[in-house]
Amino acid sequence: MPIDMKNVIADAFASLIQRQNVDKITVKSLIEACGISRQTFYYHFQDMMDVIEWSVQRGFDRIAREGLAKDSPEEALELLIDAAAEHHALLEKLLASQRRAQVERILAETTRAYCQQMLQGGRGGQVSVLYSDLEVALDFCAAGLTGLLLKHCADSGLDRRELARKVCRLMSGQMFRTAAPPPHP
């Protein structure tokens, strides 16, 4: 079976980032860790940001495939929350680097793609969005969900199932439904 060099490079990058600052990882240190030539690296990736983007996308694709197999939107969202919590230290390192703006863009784009796949795959629950509103809805959900994940997933006491439930209630509009107003005196 042929070696998937992109995975080898991405895995080596993930290993390096656990031991050192993101800004200190160079193409040279990465190719040395992989035992490959510079030419092999550039055959598969344009630069270090391309490695980061591909690695994040690979993770989100795996989570999306698993999410589509779940029975409810809450379970699909819980997978995303679990992954963010599991990789929170890595995300923090990436966001602390000089590449923060690029990393934020990648996270927002991949979170948006995840939301879109969940909606298209029938994991949106009772959410109904007009086609003309879909782009704004996806952008809003992606930005909010990305921020929420970064804020809450560092909390070791986080009830991930409860957070997934609340986000689903928010996205479906259930969170904003109120009881009848109290009678006026």
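The preceding data block contains the structure.
Bear in mind that the values here come from a model prediction, so they are computed numbers and not experimental data.

Caption draft 1: Molecular detail of empty space enclosed by the protein. One pass over the structure, following the stated rule, counts one cavity of 30 Å³ or more. The computed volume of the largest cavity comes to approximately 40 Å³. Gln57, Phe60, Asp61, Ala64, Thr110, Ala113, Tyr114 and Gln117 are the residues that line the largest cavity. At the level of elements, helix 4 (48-68) and helix 7 (100-120) are the ones that each hand at least two residues to the lining of the largest cavity. Its residues assigned to classes, the lining of the largest cavity comprises four nonpolar, three polar and one charged.

Caption draft 2: A look at the layout of surface pockets. As a volume, the largest pocket reaches approximately 670 Å³. Where the lining of the largest pocket is concerned, the elements lending two or more residues are helix 1 (5-19), helix 4, helix 5 (73-86), helix 6 (88-95), helix 7 and helix 8 (134-152). Ranked by the residues each element gives to the lining of the largest pocket, the list is headed by helix 4, at eight residues. Residues of the lining of the largest pocket, tallied by class, amount to 18 nonpolar, six polar and three charged.

Caption draft 3: Summary view of the pattern of salt bridges. In total, this model carries 11 salt bridges according to the counting rule given. A salt bridge links Asp82 to Arg160; its shortest N-O distance comes to 3.3 Å. Residue Asp82 is found in helix 5, and its partner Arg160 is found in helix 9 (residues 160-172); the two are separated by 78 residues along the sequence. Taking the shortest distance from any N to any O, the salt bridge between Glu135 and Arg112 comes out at 2.3 Å. Taken together, the residues Glu135 in helix 8 and Arg112 in helix 7 connect sequence positions 23 residues apart. The exposure class of Glu135 is partly exposed, given its relative accessible area of 46%. Of the residues examined, Arg112 reaches a relative accessible area of 16% and is grouped as buried. Each of the salt bridges in this network shares a partner with another, and the network as a whole consists of Glu53, Arg105 and Glu109.

Cut-offs and rules
- By convention here, each chain's residues receive numbers from 1 onward along its written sequence.
- Per-residue local features are limited, in this predicted model, to residues with pLDDT of at least 70; the limit for side-chain atom pairs, both in listing and counting, is 80 or more; totals at the level of whole chains, interfaces and linings are taken over all residues.
- The basis for every side-chain value is the complete set of heavy atoms in the structure, and neither hydrogens nor water enter the calculation.
- In the cavity and pocket records, a cavity denotes points on a 1 Å grid over the protein atoms alone where a 1.4 Å probe fits but cannot get out, a pocket denotes an open set with protein on both sides within 12 Å along at least 5 of 7 lines, and lining residues are residues with an atom within 4 Å of a point.
- Grid points are joined across faces, edges and corners, and a volume is the space filled by probe spheres set on the points.
- Per the convention used, a helix needs a DSSP run of H or I reaching at least four residues, while a strand needs a run of E reaching at least two, with both numbered from the N terminus.
- Residue classes follow a fixed rule: Ala, Val, Leu, Ile, Met, Phe, Trp, Tyr, Cys and Pro count as nonpolar, while Asp, Glu, Lys and Arg count as charged, and any other residue, Gly among them, counts as polar.
- In the sections that follow, a salt bridge refers to a side-chain nitrogen of Lys or Arg positioned within 4 Å of a carboxyl oxygen of Asp or Glu.
- Buried residues are those whose accessible area, probed at 1.4 Å on protein chains only, stays under 20% of the maximum for their type, while exposed residues exceed 50% and partly exposed ones sit between those limits.

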